[in-house]
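One-letter residues, chain by chain:
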Amino acid sequence: MSKSVHGGFLESVSRNFDKAAPHSGLHKGLLAQIKACNSVYQMRFPVKIGSEYQVIEAYRVQHSHHRLPTKGGIRYSQKVNQEEVMALASLMTYKCAIVDVPFGGAKGGVAISPRDYTVSQLQKITRRYTTELIRKNFIGPGIDVPAPDYGTGSREMAWILDTYITFKGGEIDAAGCVTGKPVNQNGIQGRTEATGRGVYYGIREACSHKDDMAALGLKPGLEGKTMAIQGLGNVGYHAGVISQEEGGVKIIAVAEYEGAVYNKDGIDIKKLFKHRKKTGSILDFPGAKNMKQRKRVLEVDCDILVPAALEGQITKVNADKVKAKIIAEAANGPVTADAEEILLKKGVMVIPDMYINAGGVTVSYFEWLKNLSHMRFGRMEKRFNANKYRNLVETVERMTGKTIGAKEKDFLTKGADEVDLVRSGLEETMITAYDQIRTNFKRNKGINDLRSAAFVSALKKIGSDYESLGIFP
Ligand code: GLU
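As the structure is a computational prediction, the values presented were derived from the model and not from experiment.

Chemist: For the site of the ligand, give the residues involved together with the corresponding values.
Modeler: Close to the ligand lie 14 residues; Lys 71, Lys 95, Pro 148, Asp 149 and Ser 364 are nearest. One nitrogen or oxygen atom from the side chain of Lys 107 is found 2.9 Å from an oxygen atom belonging to the ligand. Take Arg 191: an N or O atom from its side chain is 3.1 Å from an oxygen atom of the ligand. For the ligand, the protein covers 95% of the area, taking 290 Å² as the surface of the free molecule. Mapped onto the shell around the ligand, the elements with two or more residues apiece are strand S3 (70–76), helix H3 (82–98), strand S5 (144–148) and helix H12 (359–373). For the shell around the ligand, a count of residues per class yields four nonpolar, five polar and five charged.

Next comes the structure, spelled out in C-alpha coordinates:
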(Lines give C-alpha, C1' and ligand atoms only; values in the text may rest on other atoms or scores of the structure.)
Protein backbone atom coordinates (compact mmCIF):
# COMPACT_ATOMS: atom_id res chain seq x y z
CA MET A 1 0.00 0.00 0.00
CA SER A 2 1.32 3.46 -0.80
CA LYS A 3 2.33 5.93 1.89
CA SER A 4 -0.77 7.32 3.51
CA VAL A 5 -1.83 10.43 5.39
CA HIS A 6 -1.31 10.05 9.13
CA GLY A 7 -4.63 9.46 10.82
CA GLY A 8 -6.38 9.10 7.44
CA PHE A 9 -8.77 6.44 6.17
CA LEU A 10 -6.15 4.42 4.30
CA GLU A 11 -3.88 4.42 7.33
CA SER A 12 -6.77 3.18 9.48
CA VAL A 13 -7.44 0.28 7.09
CA SER A 14 -3.71 -0.48 7.01
CA ARG A 15 -3.44 -0.49 10.82
CA ASN A 16 -6.46 -2.75 11.14
CA PHE A 17 -4.96 -5.12 8.57
CA ASP A 18 -1.61 -5.21 10.40
CA LYS A 19 -3.32 -5.90 13.71
CA ALA A 20 -5.18 -8.91 12.33
CA ALA A 21 -2.57 -10.29 9.90
CA PRO A 22 -0.42 -12.22 12.43
CA HIS A 23 -3.49 -14.24 13.43
CA SER A 24 -4.14 -15.41 9.86
CA GLY A 25 -1.21 -17.84 9.77
CA LEU A 26 -0.25 -16.59 6.28
CA HIS A 27 3.29 -15.99 5.02
CA LYS A 28 4.55 -12.37 5.27
CA GLY A 29 5.09 -12.12 1.51
CA LEU A 30 1.59 -13.30 0.81
CA LEU A 31 0.16 -10.80 3.29
CA ALA A 32 2.08 -8.00 1.55
CA GLN A 33 0.62 -9.04 -1.80
CA ILE A 34 -2.92 -9.18 -0.41
CA LYS A 35 -2.58 -5.77 1.24
CA ALA A 36 -1.32 -3.88 -1.83
CA CYS A 37 -3.63 -2.09 -4.28
CA ASN A 38 -3.00 -3.79 -7.63
CA SER A 39 -4.11 -1.07 -10.09
CA VAL A 40 -4.84 2.60 -9.54
CA TYR A 41 -6.30 4.53 -12.46
CA GLN A 42 -6.41 8.26 -11.92
CA MET A 43 -8.09 10.27 -14.67
CA ARG A 44 -8.95 13.85 -15.56
CA PHE A 45 -11.51 14.60 -18.25
CA PRO A 46 -13.18 17.75 -19.49
CA VAL A 47 -16.95 18.24 -19.40
CA LYS A 48 -18.76 21.27 -20.76
CA ILE A 49 -21.00 22.67 -18.03
CA GLY A 50 -23.07 25.59 -19.28
CA SER A 51 -20.67 27.81 -21.17
CA GLU A 52 -17.62 26.62 -19.21
CA TYR A 53 -15.33 23.62 -19.36
CA GLN A 54 -14.68 21.78 -16.13
CA VAL A 55 -11.85 19.34 -15.63
CA ILE A 56 -13.24 16.48 -13.57
CA GLU A 57 -10.98 14.40 -11.32
CA ALA A 58 -11.92 10.73 -11.06
CA TYR A 59 -10.55 7.31 -10.06
CA ARG A 60 -11.01 3.59 -10.36
CA VAL A 61 -8.92 1.40 -8.10
CA GLN A 62 -8.74 -2.39 -8.41
CA HIS A 63 -7.35 -3.61 -5.14
CA SER A 64 -7.10 -7.34 -5.74
CA HIS A 65 -7.17 -9.56 -8.80
CA HIS A 66 -7.08 -12.85 -6.90
CA ARG A 67 -10.60 -13.37 -8.25
CA LEU A 68 -12.23 -11.75 -11.24
CA PRO A 69 -14.14 -9.64 -11.97
CA THR A 70 -13.26 -6.99 -9.42
CA LYS A 71 -16.24 -5.34 -7.78
CA GLY A 72 -17.20 -2.18 -5.96
CA GLY A 73 -19.28 0.96 -6.08
CA ILE A 74 -18.70 4.38 -7.56
CA ARG A 75 -18.81 7.36 -5.25
CA TYR A 76 -19.70 10.92 -6.23
CA SER A 77 -18.45 13.31 -3.59
CA GLN A 78 -16.43 16.49 -3.41
CA LYS A 79 -14.18 14.76 -0.87
CA VAL A 80 -13.13 11.93 -3.22
CA ASN A 81 -9.35 11.50 -3.40
CA GLN A 82 -6.99 8.71 -4.35
CA GLU A 83 -6.34 7.53 -0.80
CA GLU A 84 -10.03 7.33 -0.02
CA VAL A 85 -10.76 5.27 -3.13
CA MET A 86 -7.80 2.99 -2.35
CA ALA A 87 -9.05 2.44 1.19
CA LEU A 88 -12.57 1.71 -0.06
CA ALA A 89 -11.28 -0.67 -2.75
CA SER A 90 -9.27 -2.59 -0.12
CA LEU A 91 -12.34 -2.94 2.07
CA MET A 92 -14.24 -4.39 -0.92
CA THR A 93 -11.72 -7.24 -1.25
CA TYR A 94 -12.13 -8.27 2.37
CA LYS A 95 -15.89 -7.71 2.27
CA CYS A 96 -16.35 -10.00 -0.74
CA ALA A 97 -14.22 -12.72 0.85
CA ILE A 98 -16.13 -12.56 4.16
CA VAL A 99 -19.50 -13.15 2.48
CA ASP A 100 -18.15 -15.60 -0.12
CA VAL A 101 -18.76 -13.37 -3.10
CA PRO A 102 -16.15 -14.62 -5.60
CA PHE A 103 -14.79 -11.23 -6.68
CA GLY A 104 -11.74 -9.07 -6.05
CA GLY A 105 -12.27 -5.63 -4.55
CA ALA A 106 -12.46 -2.33 -6.45
CA LYS A 107 -13.91 1.15 -6.03
CA GLY A 108 -14.48 4.22 -8.14
CA GLY A 109 -14.78 7.87 -7.27
CA VAL A 110 -15.65 11.08 -9.07
CA ALA A 111 -14.71 14.27 -7.21
CA ILE A 112 -17.97 16.17 -7.66
CA SER A 113 -20.84 17.09 -5.43
CA PRO A 114 -23.97 15.89 -7.28
CA ARG A 115 -26.00 18.75 -5.75
CA ASP A 116 -24.01 21.21 -7.87
CA TYR A 117 -25.16 19.70 -11.19
CA THR A 118 -28.37 19.22 -13.14
CA VAL A 119 -29.52 15.71 -14.05
CA SER A 120 -28.37 16.10 -17.64
CA GLN A 121 -24.96 17.36 -16.50
CA LEU A 122 -24.64 14.35 -14.18
CA GLN A 123 -25.53 12.12 -17.10
CA LYS A 124 -22.81 13.73 -19.20
CA ILE A 125 -20.21 13.22 -16.46
CA THR A 126 -21.28 9.61 -15.83
CA ARG A 127 -21.16 8.70 -19.53
CA ARG A 128 -17.76 10.31 -19.95
CA TYR A 129 -16.40 8.54 -16.86
CA THR A 130 -17.69 5.22 -18.23
CA THR A 131 -16.03 5.91 -21.58
CA GLU A 132 -12.71 6.43 -19.79
CA LEU A 133 -13.17 3.08 -18.02
CA ILE A 134 -13.96 1.31 -21.32
CA ARG A 135 -10.94 2.90 -22.96
CA LYS A 136 -8.58 1.53 -20.34
CA ASN A 137 -10.33 -1.85 -20.06
CA PHE A 138 -11.43 -1.06 -16.50
CA ILE A 139 -15.03 -2.22 -16.91
CA GLY A 140 -16.76 -5.37 -18.16
CA PRO A 141 -18.73 -8.33 -16.78
CA GLY A 142 -15.55 -10.39 -16.43
CA ILE A 143 -13.18 -7.49 -15.69
CA ASP A 144 -14.53 -4.96 -13.22
CA VAL A 145 -18.17 -4.39 -12.27
CA PRO A 146 -19.17 -1.06 -10.66
CA ALA A 147 -22.27 -0.46 -8.52
CA PRO A 148 -23.85 2.41 -6.57
CA ASP A 149 -22.16 4.02 -3.59
CA TYR A 150 -22.44 7.36 -1.79
CA GLY A 151 -23.90 9.94 -4.20
CA THR A 152 -24.93 7.46 -6.92
CA GLY A 153 -27.90 5.14 -7.47
CA SER A 154 -29.76 3.04 -10.03
CA ARG A 155 -30.10 6.02 -12.40
CA GLU A 156 -26.32 6.36 -12.78
CA MET A 157 -26.00 2.59 -13.21
CA ALA A 158 -28.51 2.69 -16.09
CA TRP A 159 -26.39 5.38 -17.79
CA ILE A 160 -23.26 3.27 -17.29
CA LEU A 161 -24.90 0.21 -18.87
CA ASP A 162 -26.24 2.23 -21.78
CA THR A 163 -22.81 3.73 -22.46
CA TYR A 164 -21.17 0.32 -22.22
CA ILE A 165 -23.64 -1.20 -24.67
CA THR A 166 -23.03 1.68 -27.08
CA PHE A 167 -19.42 0.56 -27.36
CA LYS A 168 -19.76 -3.18 -26.76
CA GLY A 169 -23.22 -3.90 -28.15
CA GLY A 170 -22.41 -7.39 -29.38
CA GLU A 171 -21.34 -8.75 -25.98
CA ILE A 172 -23.96 -11.25 -24.89
CA ASP A 173 -23.26 -10.67 -21.17
CA ALA A 174 -22.98 -6.88 -21.41
CA ALA A 175 -25.74 -6.35 -18.81
CA GLY A 176 -23.38 -7.79 -16.19
CA CYS A 177 -20.93 -4.88 -16.61
CA VAL A 178 -22.57 -2.99 -13.73
CA THR A 179 -24.97 -3.85 -10.87
CA GLY A 180 -27.53 -1.88 -8.90
CA LYS A 181 -29.38 -1.14 -12.14
CA PRO A 182 -33.12 -0.34 -12.23
CA VAL A 183 -35.17 -3.55 -12.16
CA ASN A 184 -36.52 -2.90 -15.67
CA GLN A 185 -32.98 -2.33 -16.94
CA ASN A 186 -31.58 -5.76 -16.06
CA GLY A 187 -31.53 -5.07 -12.33
CA ILE A 188 -32.79 -7.36 -9.57
CA GLN A 189 -35.62 -7.09 -7.03
CA GLY A 190 -34.36 -6.23 -3.57
CA ARG A 191 -31.03 -4.60 -4.55
CA THR A 192 -32.00 -1.09 -3.39
CA GLU A 193 -32.73 -2.17 0.18
CA ALA A 194 -29.99 -4.84 0.22
CA THR A 195 -27.30 -3.06 2.23
CA GLY A 196 -29.82 -1.88 4.83
CA ARG A 197 -31.46 -5.31 4.99
CA GLY A 198 -28.04 -6.92 5.41
CA VAL A 199 -27.27 -4.50 8.25
CA TYR A 200 -30.50 -5.63 9.92
CA TYR A 201 -29.73 -9.35 9.52
CA GLY A 202 -26.19 -8.79 10.82
CA ILE A 203 -27.32 -6.87 13.92
CA ARG A 204 -30.04 -9.44 14.57
CA GLU A 205 -27.46 -12.21 14.39
CA ALA A 206 -25.00 -10.42 16.70
CA CYS A 207 -27.78 -9.79 19.21
CA SER A 208 -28.99 -13.38 19.18
CA HIS A 209 -26.11 -14.74 21.28
CA LYS A 210 -27.09 -14.77 24.94
CA ASP A 211 -23.56 -14.72 26.38
CA ASP A 212 -22.33 -11.94 24.05
CA MET A 213 -25.31 -9.80 25.01
CA ALA A 214 -24.88 -10.57 28.72
CA ALA A 215 -21.29 -9.26 28.47
CA LEU A 216 -22.76 -5.94 27.26
CA GLY A 217 -25.44 -5.94 29.94
CA LEU A 218 -28.15 -6.58 27.35
CA LYS A 219 -30.83 -9.20 26.83
CA PRO A 220 -30.64 -11.29 23.65
CA GLY A 221 -32.94 -10.36 20.74
CA LEU A 222 -33.76 -7.09 19.03
CA GLU A 223 -37.25 -6.38 20.35
CA GLY A 224 -37.30 -3.11 22.28
CA LYS A 225 -33.62 -2.26 21.77
CA THR A 226 -32.92 1.43 21.14
CA MET A 227 -31.09 2.63 18.04
CA ALA A 228 -29.56 5.90 16.77
CA ILE A 229 -28.85 6.36 13.07
CA GLN A 230 -26.45 8.77 11.39
CA GLY A 231 -27.51 9.25 7.76
CA LEU A 232 -30.92 8.69 6.21
CA GLY A 233 -29.59 7.77 2.77
CA ASN A 234 -30.24 4.46 1.06
CA VAL A 235 -28.40 2.42 3.72
CA GLY A 236 -29.52 4.21 6.88
CA TYR A 237 -33.13 4.51 5.74
CA HIS A 238 -33.64 0.83 4.91
CA ALA A 239 -31.65 -0.39 7.92
CA GLY A 240 -33.92 1.79 10.08
CA VAL A 241 -37.21 0.80 8.47
CA ILE A 242 -36.45 -2.94 8.51
CA SER A 243 -35.08 -2.89 12.09
CA GLN A 244 -38.23 -1.09 13.17
CA GLU A 245 -40.76 -3.17 11.25
CA GLU A 246 -39.21 -6.63 11.37
CA GLY A 247 -37.07 -6.41 14.51
CA GLY A 248 -39.20 -4.27 16.82
CA VAL A 249 -36.30 -1.87 17.40
CA LYS A 250 -37.05 1.62 18.77
CA ILE A 251 -35.24 4.35 16.84
CA ILE A 252 -34.67 7.28 19.16
CA ALA A 253 -32.35 9.56 17.18
CA VAL A 254 -31.59 10.30 13.52
CA ALA A 255 -29.07 12.69 11.96
CA GLU A 256 -28.88 14.03 8.43
CA TYR A 257 -27.03 16.77 6.58
CA GLU A 258 -29.26 19.55 7.96
CA GLY A 259 -29.35 18.43 11.61
CA ALA A 260 -30.56 15.76 14.02
CA VAL A 261 -33.77 14.85 15.85
CA TYR A 262 -34.39 12.93 19.08
CA ASN A 263 -37.41 11.30 20.67
CA LYS A 264 -36.97 8.85 23.55
CA ASP A 265 -40.36 7.28 22.71
CA GLY A 266 -39.30 6.43 19.16
CA ILE A 267 -39.28 8.00 15.71
CA ASP A 268 -41.21 6.47 12.82
CA ILE A 269 -38.56 6.40 10.09
CA LYS A 270 -41.02 6.24 7.19
CA LYS A 271 -42.89 9.27 8.52
CA LEU A 272 -39.62 11.12 9.14
CA PHE A 273 -38.57 10.42 5.56
CA LYS A 274 -41.87 11.78 4.23
CA HIS A 275 -41.52 14.83 6.47
CA ARG A 276 -38.07 15.48 4.99
CA LYS A 277 -39.42 15.14 1.47
CA LYS A 278 -42.18 17.62 2.20
CA THR A 279 -40.24 20.22 4.19
CA GLY A 280 -36.72 19.65 2.88
CA SER A 281 -35.44 18.83 6.36
CA ILE A 282 -35.71 16.23 9.14
CA LEU A 283 -35.85 19.07 11.70
CA ASP A 284 -39.10 20.05 13.45
CA PHE A 285 -40.48 16.54 13.14
CA PRO A 286 -43.69 16.30 15.21
CA GLY A 287 -43.04 14.82 18.66
CA ALA A 288 -39.24 14.95 18.34
CA LYS A 289 -36.72 17.47 19.65
CA ASN A 290 -34.16 19.09 17.35
CA MET A 291 -30.60 18.39 18.51
CA LYS A 292 -28.18 21.32 18.68
CA GLN A 293 -25.43 19.61 16.71
CA ARG A 294 -26.01 16.80 14.24
CA LYS A 295 -22.82 14.97 15.26
CA ARG A 296 -24.21 14.60 18.79
CA VAL A 297 -26.30 11.74 17.44
CA LEU A 298 -23.14 9.64 17.83
CA GLU A 299 -23.19 10.33 21.57
CA VAL A 300 -26.84 9.42 22.23
CA ASP A 301 -27.44 6.93 25.03
CA CYS A 302 -28.76 3.90 23.11
CA ASP A 303 -28.15 0.17 22.64
CA ILE A 304 -27.19 0.25 18.96
CA LEU A 305 -25.52 3.06 17.04
CA VAL A 306 -25.65 2.85 13.24
CA PRO A 307 -23.28 5.28 11.51
CA ALA A 308 -24.56 5.11 7.92
CA ALA A 309 -22.98 8.20 6.37
CA LEU A 310 -19.26 8.51 5.66
CA GLU A 311 -15.87 7.46 7.02
CA GLY A 312 -14.04 9.07 9.92
CA GLN A 313 -17.07 9.98 12.06
CA ILE A 314 -16.03 8.43 15.37
CA THR A 315 -12.48 9.52 16.06
CA LYS A 316 -10.22 9.80 19.11
CA VAL A 317 -11.92 13.16 19.76
CA ASN A 318 -15.45 11.84 20.35
CA ALA A 319 -14.95 8.07 20.95
CA ASP A 320 -14.96 8.50 24.70
CA LYS A 321 -18.37 10.20 24.54
CA VAL A 322 -20.05 7.30 22.72
CA LYS A 323 -22.62 5.68 25.00
CA ALA A 324 -23.93 2.98 22.66
CA LYS A 325 -23.15 -0.63 23.59
CA ILE A 326 -23.05 -1.82 19.98
CA ILE A 327 -21.82 0.05 16.91
CA ALA A 328 -22.86 -1.37 13.53
CA GLU A 329 -20.68 0.21 10.84
CA ALA A 330 -23.24 0.55 8.06
CA ALA A 331 -20.97 3.09 6.32
CA ASN A 332 -17.44 2.18 5.26
CA GLY A 333 -14.83 3.24 7.81
CA PRO A 334 -16.94 5.37 10.20
CA VAL A 335 -14.77 4.39 13.21
CA THR A 336 -11.07 5.28 12.94
CA ALA A 337 -8.40 2.88 14.22
CA ASP A 338 -7.60 5.29 17.09
CA ALA A 339 -11.25 5.50 18.06
CA GLU A 340 -11.67 1.76 18.02
CA GLU A 341 -8.90 1.32 20.61
CA ILE A 342 -10.82 3.62 22.95
CA LEU A 343 -14.16 1.93 22.24
CA LEU A 344 -12.80 -1.56 22.81
CA LYS A 345 -11.37 -0.50 26.18
CA LYS A 346 -14.85 0.75 27.08
CA GLY A 347 -16.25 -2.67 26.18
CA VAL A 348 -18.22 -1.50 23.12
CA MET A 349 -18.98 -4.16 20.50
CA VAL A 350 -17.98 -2.84 17.06
CA ILE A 351 -19.52 -4.85 14.20
CA PRO A 352 -17.15 -4.05 11.33
CA ASP A 353 -18.10 -2.48 8.00
CA MET A 354 -16.56 -5.23 5.91
CA TYR A 355 -19.14 -7.61 7.34
CA ILE A 356 -22.17 -5.57 8.37
CA ASN A 357 -22.58 -3.60 5.11
CA ALA A 358 -21.78 -6.52 2.80
CA GLY A 359 -25.46 -7.01 1.89
CA GLY A 360 -25.14 -4.61 -1.03
CA VAL A 361 -22.38 -6.47 -2.77
CA THR A 362 -24.01 -9.81 -1.95
CA VAL A 363 -27.16 -8.87 -3.84
CA SER A 364 -25.00 -7.29 -6.57
CA TYR A 365 -23.51 -10.75 -6.99
CA PHE A 366 -27.03 -12.20 -7.35
CA GLU A 367 -27.80 -9.52 -9.94
CA TRP A 368 -24.64 -10.34 -11.88
CA LEU A 369 -25.54 -14.05 -11.81
CA LYS A 370 -29.02 -13.18 -13.07
CA ASN A 371 -27.50 -11.15 -15.91
CA LEU A 372 -25.20 -14.01 -16.92
CA SER A 373 -28.06 -16.52 -16.80
CA HIS A 374 -30.33 -14.18 -18.78
CA MET A 375 -33.29 -15.19 -16.63
CA ARG A 376 -34.94 -13.95 -13.48
CA PHE A 377 -34.70 -16.05 -10.35
CA GLY A 378 -37.75 -18.20 -9.64
CA ARG A 379 -39.00 -18.38 -13.21
CA MET A 380 -38.45 -22.13 -13.56
CA GLU A 381 -39.55 -23.39 -10.15
CA LYS A 382 -42.11 -20.95 -8.77
CA ARG A 383 -45.26 -22.55 -10.28
CA PHE A 384 -43.92 -26.08 -9.88
CA ASN A 385 -43.43 -25.52 -6.14
CA ALA A 386 -46.76 -23.71 -5.76
CA ASN A 387 -48.60 -26.62 -7.39
CA LYS A 388 -46.76 -29.16 -5.25
CA TYR A 389 -47.61 -27.30 -2.01
CA ARG A 390 -51.23 -26.98 -3.12
CA ASN A 391 -51.47 -30.73 -3.77
CA LEU A 392 -49.94 -31.40 -0.38
CA VAL A 393 -52.34 -29.09 1.48
CA GLU A 394 -55.33 -30.48 -0.41
CA THR A 395 -54.26 -34.05 0.33
CA VAL A 396 -54.10 -33.22 4.04
CA GLU A 397 -57.51 -31.55 3.79
CA ARG A 398 -58.98 -34.62 2.11
CA MET A 399 -57.48 -37.02 4.60
CA THR A 400 -58.56 -35.03 7.66
CA GLY A 401 -61.88 -33.90 6.26
CA LYS A 402 -61.02 -30.36 7.39
CA THR A 403 -60.30 -27.28 5.29
CA ILE A 404 -58.20 -24.18 5.95
CA GLY A 405 -59.00 -20.54 5.10
CA ALA A 406 -58.23 -19.13 1.65
CA LYS A 407 -55.67 -16.64 3.02
CA GLU A 408 -53.80 -19.29 4.97
CA LYS A 409 -53.88 -21.58 1.95
CA ASP A 410 -52.40 -18.91 -0.29
CA PHE A 411 -49.61 -18.33 2.22
CA LEU A 412 -48.78 -22.04 2.53
CA THR A 413 -48.85 -22.72 -1.19
CA LYS A 414 -46.89 -19.73 -2.46
CA GLY A 415 -43.92 -20.37 -4.73
CA ALA A 416 -40.85 -18.13 -4.26
CA ASP A 417 -40.61 -14.91 -6.27
CA GLU A 418 -37.30 -13.33 -7.15
CA VAL A 419 -37.44 -10.98 -4.16
CA ASP A 420 -38.12 -13.90 -1.77
CA LEU A 421 -35.08 -15.75 -3.09
CA VAL A 422 -32.89 -12.65 -2.91
CA ARG A 423 -33.88 -12.04 0.71
CA SER A 424 -33.38 -15.64 1.66
CA GLY A 425 -29.96 -15.75 -0.03
CA LEU A 426 -28.97 -12.55 1.75
CA GLU A 427 -30.17 -13.81 5.13
CA GLU A 428 -28.26 -17.06 4.71
CA THR A 429 -25.12 -15.16 3.68
CA MET A 430 -25.18 -12.79 6.65
CA ILE A 431 -25.83 -15.56 9.17
CA THR A 432 -23.10 -17.85 7.82
CA ALA A 433 -20.52 -15.05 7.65
CA TYR A 434 -21.25 -13.92 11.22
CA ASP A 435 -20.88 -17.45 12.42
CA GLN A 436 -17.42 -17.71 10.82
CA ILE A 437 -16.32 -14.38 12.31
CA ARG A 438 -17.62 -15.26 15.77
CA THR A 439 -15.88 -18.63 15.67
CA ASN A 440 -12.55 -16.91 14.89
CA PHE A 441 -13.21 -14.46 17.71
CA LYS A 442 -14.02 -17.16 20.27
CA ARG A 443 -11.41 -19.73 19.26
CA ASN A 444 -8.38 -17.50 18.72
CA LYS A 445 -7.21 -16.17 22.07
CA GLY A 446 -5.06 -13.47 20.46
CA ILE A 447 -8.02 -11.84 18.72
CA ASN A 448 -10.00 -9.46 20.90
CA ASP A 449 -12.26 -7.64 18.45
CA LEU A 450 -14.72 -8.55 15.72
CA ARG A 451 -12.88 -6.54 13.07
CA SER A 452 -9.71 -8.58 13.45
CA ALA A 453 -11.82 -11.74 13.46
CA ALA A 454 -13.48 -10.61 10.21
CA PHE A 455 -10.09 -9.81 8.66
CA VAL A 456 -8.82 -13.27 9.57
CA SER A 457 -11.87 -14.83 7.95
CA ALA A 458 -11.14 -12.86 4.75
CA LEU A 459 -7.38 -13.40 4.77
CA LYS A 460 -7.67 -17.16 5.12
CA LYS A 461 -9.96 -17.38 2.09
CA ILE A 462 -7.90 -14.99 -0.08
CA GLY A 463 -4.70 -16.69 1.08
CA SER A 464 -5.92 -20.12 0.03
CA ASP A 465 -6.75 -18.75 -3.45
CA TYR A 466 -3.15 -17.53 -3.82
CA GLU A 467 -1.71 -20.67 -2.28
CA SER A 468 -3.42 -22.81 -4.87
CA LEU A 469 -1.48 -20.85 -7.52
CA GLY A 470 1.74 -22.12 -5.98
CA ILE A 471 3.40 -18.67 -5.92
CA PHE A 472 3.63 -18.42 -2.16
CA PRO A 473 4.67 -21.01 0.40
N1 GLU B 1 -20.99 0.36 -2.68
C2 GLU B 1 -21.39 -0.83 -1.99
C3 GLU B 1 -20.34 -1.23 -0.97
O4 GLU B 1 -19.57 -0.42 -0.50
C5 GLU B 1 -21.82 -1.93 -2.93
C6 GLU B 1 -20.76 -2.41 -3.88
C7 GLU B 1 -21.26 -3.39 -4.94
O8 GLU B 1 -22.42 -3.76 -4.92
O9 GLU B 1 -20.44 -3.76 -5.78
O10 GLU B 1 -20.26 -2.35 -0.56
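Having seen the model, we can carry on.
Chemist: With reference to specific residues and values, describe the layout of surface pockets.
Modeler: Within this model, the second largest pocket holds a volume of roughly 290 Å³. Leu 216, Gly 347, Val 348, Met 349 and Phe 441 are the residues nearest the centre of the second largest pocket, which is lined by 17 residues in total. Sort the elements by how many residues they give to the lining of the second largest pocket and helix H15 (residues 418–443) lands first, with four residues. Tallied by class, the residues present in the lining of the second largest pocket amount to nine nonpolar, two polar and six charged.

Chemist: I'd love a proper account of the sheet that holds strand S8 (residues 259–262), names of residues and values included.
Modeler: Strands sit in the order S9-S8-S7-S6-S10-S11-S12 across an open sheet of seven strands; the sheet is mixed. Of all strands in the sheet, those with a lone pairing partner are strand S9 (289–291) and strand S12 (349–351), marking the two edges. Strand-to-strand twist of the sheet, defined as the mean angle between neighbouring strand axes without regard to direction, takes the value 20°. Inspection of the sheet shows strand S11 (residues 326–328) paired to S12 by three bridges, in the parallel sense. Across the sheet, the residue bridging to Ala 328 is Ile 351, located in S12.

Chemist: Give me the lowdown on the environment of Asp 353, citing residues and values where you can.
Modeler: Inspection of the secondary structure puts Asp 353 in helix H11 (residues 353–356). Sequence separation of Asp 353 and Pro 334 is 19 residues, and the distance between their C-alpha atoms is 8.2 Å. Among residues more than four places away in sequence, those in contact with Asp 353 are Leu 91, Lys 95, Glu 329, Ala 331, Asn 332, Gly 333, Ala 358 and Arg 451. A polar contact is formed between the side chain of Asp 353 and the backbone nitrogen of Gly 333, at a distance of 2.8 Å.

Chemist: Could you give an account of the packing of helix H1 (residues 9–20) against helix H10 (residues 337–345), with specific residues and numbers?
Modeler: Two elements in contact, H1 and H10, have axes separated by 9 Å at closest approach and are oriented at 50°. One element, H1, and the other, H10, form an angle in the oblique class. Taken together, the residues of H10 that come into contact with H1 (itself represented by Ser 12, Arg 15, Asn 16 and Lys 19) are Ala 337, Asp 338, Glu 340, Glu 341 and Leu 344. Taken together, the residues of the contact of H1 with H10 sort by class into two nonpolar, two polar and five charged.

Chemist: Can you break down the pairing of strand S6 (residues 226–230) residue by residue, with the values?
Modeler: Where burial is concerned, most of S6 is hidden: five out of the five residues are buried. What you see with S6 is no split at all: Thr 226, Ala 228 and Gln 230 on one side and Met 227 and Ile 229 on the other are buried throughout. When S6 meets strand S7 (residues 250–256), the two strands line up parallel, connected through five bridges. Considered in S7, the bridge of Ile 229 is made with Val 254. As for the winding sense of the linkage, the β-α-β connection from S6 through helix H8 (residues 234–247) to S7 is right-handed. Here four bridges tie S6 to strand S10 (residues 304–307), and the two strands are oriented parallel to one another. Bridged to Ile 229 within S10 is Val 306.

Thresholds, definitions, all that
Residues numbered from 1 in each chain as written. Predicted model: local features only at pLDDT ≥ 70, side-chain atom pairs only at ≥ 80, totals over all residues. Heavy atoms only, no water. Near = heavy atom within 4 Å. Polar contact = N/O pair within 3.5 Å; in protein donor to acceptor, adjacent residues only side chain to side chain. Areas by Shrake-Rupley, 256 points an atom, 1.4 Å probe, with all protein chains shown as cover. Helix = DSSP H or I, 4+ residues; strand = E, 2+ residues; numbered from the N terminus. Nonpolar A, V, L, I, M, F, W, Y, C, P; charged D, E, K, R; others polar. 1 Å grid on protein atoms, 1.4 Å probe; cavity = no way out; pocket = protein on both sides within 12 Å on 5 of 7 lines; lining within 4 Å. Points joined across faces, edges and corners; volume = space filled by probe spheres on them. Pairing = 2+ DSSP bridges. Axes fitted to C-alpha atoms, helices over the stretch in contact; angles between N-to-C directions. Contact = heavy atoms within 4.5 Å. Parallel < 35°, antiparallel > 145°, perpendicular 65-115°, else oblique. Buried < 20%, exposed > 50% of the residue type's maximum accessible area, 1.4 Å probe, protein only. Right-handed = clockwise from strand over helix to strand, strands pointing away.

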